[in-house]
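Residues per chain, in single letters:
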Amino acid sequence: MEFKINASSPVISVKPIVLSAPGRGEDLRVRVSAPTTGRNLPIIVFSHGSGSSLEGYGPLVDFWAAHGFVVIQPTHLDSRTVGLPKDDPRTPRIWRFRVEDMKLILDQLDLLESSVPGLSGRLDRSRIATAGHSFGGQTAGNLLGLRVLNPETKKEEDLADSRIKAGVLLATAGQGGDSLTAFAAENMPHLNVSFAHMTTPTLVVAGDQDNIPQKYQLTVRGPEWMTDPYFFSPGAESLLTLFGAEHLLGGISGYEVKETTDENPERVALIQRVTWAYLRQALDIEHASWSVVQKTLSESANPIGRIESK
């Protein structure tokens, strides 16, 4: 399946860039990937799934950067590379630290820009998007307006950030409450979320065979749980459902990594192009590619997914 797309550029990637993070327990390590050519470059701040790091998600990050985006990736405290003990006092607030990591990046764009050779003066700070996979989807969602029922205060936390203009949520958890197992309600209360205030334009991506939430006793529902961010968010404009896709959506977390249970390069290529086209439309860069993506997929004789929009 071929979509019209701009020519790729060589990519420069710098890691780790260290941001001072008082109160976090340790500094925040960040990776920035950018095309070597072009100006007025839009930005994607990407939140990894549980246990991953700034090293992950090459199939998405490399594609986005080669096609005109500056991609910024933090390593959150739950990363296996950090090795935080389960009894660490920060553990119950990992979800909140993750959001604070993303906001710190937005606060420190000057430092990040100056740390990458040749990047100075080339960012378009009026066009910033966020994206995330799995736990990272909830993290990105907080910036888009998703609210977590704070386990400590029993109040919804409004952590939306007006600097974020669009989002992509990949294999992201759905509603809490009755949708959660007793185990999840007790051990992962941050999964009690509300999408009612998530008004920022967003694309939701879900696999129709994603059984990871059930496997890890997060929800009493099936793969459709991961479509909740689309159906219950006023800002979620479109949903890409991938046929046969499991939690890693064909292999977005890395190149041929062992955690991928549904290795499928064609599926990953579709996600690359659909997310790229959507963000260019949502950030008002150009709209034609998004229309072509939707038309091409709907007219395919053997589609591997479908796009629906509100």
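Residues numbered from 1 in each chain as written. Predicted model: local features only at pLDDT ≥ 70, side-chain atom pairs only at ≥ 80, totals over all residues. Heavy atoms only, no water.

Draft legend 1. The overall build of the protein chain, seen in detail. Summing up its helical and strand segments, the protein chain has nine helices and 12 strands in all. Since a compact globule built from 310 residues should have a radius of gyration of about 19 Å, the 18 Å found for the protein chain is in line with a globular shape. Projected onto its principal axes, the C-alpha positions of the protein chain cover 50 × 45 × 35 Å. Of all 310 residues assigned to the protein chain, the portion counted as buried reaches 57%. Carbon and sulfur atoms form 50% of the exposed surface of the protein chain, whose accessible area is close to 12,900 Å². A distance of 3 Å separates the average location of the 30 positive side-chain charges in the protein chain from that of its 36 negative side-chain charges. (Helix = DSSP H or I, 4+ residues; strand = E, 2+ residues; numbered from the N terminus. Rg over C-alpha atoms; globule rule 2.2 N^0.38 Å. Buried < 20%, exposed > 50% of the residue type's maximum accessible area, 1.4 Å probe, protein only. Areas by Shrake-Rupley, 256 points an atom, 1.4 Å probe, with all protein chains shown as cover. Lys, Arg positive; Asp, Glu negative; His and termini not counted. Charge placed at Lys NZ, Arg CZ, Asp CG, Glu CD.)

Draft legend 2. Inspection of the packing of aromatic side chains at higher detail. A full pass over the atoms with the stated rule returns four aromatic pairs. Ring geometry for Tyr 278 versus Trp 290: centroids 5.3 Å apart, planes at 75°, classification edge-to-face. Of this pair, Tyr 278 sits in helix 8 (residues 265–282) while Trp 290 sits in helix 9 (residues 288–298), and the two are 12 residues apart along the sequence. On the basis of relative accessibility, which here comes to 0%, the residue Tyr 278 falls in the buried class. Among the aromatic residues, ring-to-ring pairing joins Phe 46, Tyr 57 and Trp 64 into one connected group. A cation over a ring is seen here: Arg 98 above Phe 135, with NZ or CZ 4.1 Å from the ring centre. Over the ring of Tyr 230 we find Lys 310, and its NZ or CZ is 4.8 Å from the ring centre. (Phe/Tyr/Trp six-rings, centres within 6.5 Å; stacked < 30°, edge-to-face > 60°. Lys NZ or Arg CZ within 6 Å of the ring centre and 35° of its normal.)

Draft legend 3. Highlighting the environment of Gly 38. With respect to the helices and strands, Gly 38 occurs in the loop between strand 2 (28–35) and strand 3 (41–47). The exposure class assigned to Gly 38 is partly exposed, which follows from its relative accessible area of 38%. In this structure, the C-alpha to C-alpha distance between Gly 38 and Asp 107, residues 69 residues apart in sequence, is 23 Å.

Draft legend 4. Just the pairing of strand 5 (residues 123–133), in detail. Most of strand 5 is tucked away, with eight of its 11 residues classed as buried. Across six bridges, strand 3 lies against strand 5 in parallel orientation. Within strand 5, the residue paired with Ile 44 across the bridge is Ala 129. Pairing of strand 5 with strand 8 (residues 166–170) involves five bridges; the strand directions are parallel. Among the inter-strand pairings, His 133 is bridged to a residue of strand 8, identified as Leu 170. (Pairing = 2+ DSSP bridges.)

Draft legend 5. Expanded view of the sheet that holds strand 4 (residues 70–74). Taken in spatial order, the nine strands line up as 1-2-4-3-5-8-10-11-12 in an open sheet, and their pairing is mixed. Only two strands of the sheet have a single neighbouring strand rather than two, namely strand 1 (11–19) and strand 12 (305–309). Mean inter-strand twist for the sheet, computed between neighbouring axes without regard to direction, equals 20°. Bridge count for strand 10 (residues 202–207) against strand 11 (residues 236–242) is six bridges, and the pairing is parallel. Bridge pairing links Thr 202 to Ala 236 in strand 11. (Axes fitted to C-alpha atoms, helices over the stretch in contact; angles between N-to-C directions.)

Remember, this is a structural readout, not a statement about activity or role.
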